[in-house]
Amino acid sequence: MNESYLLPVFINALKELQASEDQIENYKAFYMSSKHPEGLPCPVCFVFKNKRSFLIALRRDEKGSPIKCSICQKEFYVLRR
Ligand SMILES: [Zn+2]
């Protein structure tokens, strides 16, 4: 997975969880700064637990693709484009 269009989905999730602008900027920088061969970094774990965990793409359905964190189990939903 190397889809920069996913970043806004994660940013929105962080905003919903009341992350600060600084926290969001930190995540953005981390997301953009490396290739993440093991998978995209979970924003919730990164910001709120100071942990590096990665996201797993689940089976897509008719509306889009759910993505789930391997550690905190948070799900993100990416609408089909
Ligand atoms: Zn997580």
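See the structure above.
Keep in mind it's a predicted model, so treat the numbers as computed, not measured. (Residues numbered from 1 in each chain as written. Predicted model: local features only at pLDDT ≥ 70, side-chain atom pairs only at ≥ 80, totals over all residues.)

As for the nonpolar core
Phase 1: Membership of the largest hydrophobic core comes to 13 residues, with the highest contact counts inside it found for Leu-14, Cys-42, Val-47 and Leu-55.
Phase 2: Of all the secondary structure elements, the ones that give two or more residues to this core are helix 1 (7-16), helix 3 (43-48) and strand 2 (64-69).
Phase 3: If you tally residues by element for this core, the top one is helix 3, at 3 residues.
Phase 4: If we ignore the near neighbours within four places in the chain, the residues touching Val-47 are Leu-14, Ala-19, Gln-23 and Tyr-27. (Core = buried A, V, L, I, M, F, W, Y, C linked by C-beta atoms within 7 Å. Buried ≥ 20, exposed ≤ 12 C-beta atoms within 10 Å, placed from the backbone. Helix = DSSP H or I, 4+ residues; strand = E, 2+ residues; numbered from the N terminus. Contact = placed C-beta atoms within 7 Å.)

Quick look at the environment of Gly-39
Phase 1: Summarising the element assignment, Gly-39 is placed in the loop between helix 2 (21-33) and helix 3.
Phase 2: On the neighbour-count criterion, Gly-39 (15 C-beta atoms within 10 Å) is partly exposed.
Phase 3: As for Gly-39 and Ala-19, which are separated by 20 residues in sequence, their C-alpha atoms are 22 Å apart.

Purely spatial values, then, with no claim about function.
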